[in-house]
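Single-letter residue listing:
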Amino acid sequence: MRIQVVSTLLRARPTTETFESFTERYVNFFKSAEDLFEVQRGLNNCFAHDLVPAPAVVESALRASRRVNDYATAVRIFEGIKEKVENKAQYQAYLDELKPIREELGIETKEELFSSS
């Protein structure tokens with residue numbers, strides 16, 4: 001009986017999630033998020049992992065933020081990316097790749113909002 005219990009416990013352990021399945025899970029999550037609470041909960045969970053979300057996840061999160069009409073959360077997504085990446089070049093790569101979606105949704109970064117020019 002004891003061996004059977006241990007065997008059941010070992011099978012119940014979660015498997016390691018691949019980056020691709022992580023990306024797919026969060027893209028789908030943000031596509032179905034219906035209110036600000038869900039969007040922010042998803043962002044908290046997504047950014048809690050020890051990785052930088054793929055641009056597809058960021059795009060889905062940005063669209064969800066605008067869908068629930070919360071511009072501040074959309075801006076803060078970029079602050080989160082800036083904190084997660086290893087250097088300025090990586091952050092700039094995200095900004096460059098996401099430029100079309102930023103322009104489409106009218107989202108500026110914190111730096112753009114508070115620039116002195």
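The structure this text deals with has already been given above.
A brief look at the structure comes next. (Residues numbered from 1 in each chain as written. Predicted model: local features only at pLDDT ≥ 70, side-chain atom pairs only at ≥ 80, totals over all residues. Heavy atoms only, no water.)

1. Digging into the overall build of the chain
- For the chain, the count of helices and strands is 8 helices and 0 strands.
- Residues classed as buried in the chain amount to 33% of the 117 residues present.
- A fraction of 66% describes how many contacts in the chain between residues 6 or more apart in sequence connect residues 24 or more apart.
- Counting every atom, the chain has about 8,000 Å² of accessible surface; 52% of that belongs to carbon and sulfur. (Helix = DSSP H or I, 4+ residues; strand = E, 2+ residues; numbered from the N terminus. Buried < 20%, exposed > 50% of the residue type's maximum accessible area, 1.4 Å probe, protein only. Contact = heavy atoms within 4.5 Å. Areas by Shrake-Rupley, 256 points an atom, 1.4 Å probe, with all protein chains shown as cover.)

2. Here we look at unusual backbone geometry
- Not every positive phi belongs to a glycine, and N69 is a case in point at roughly 60°.
- Taking relative accessible area as the criterion, N69 reaches 63% and is therefore assigned exposed.

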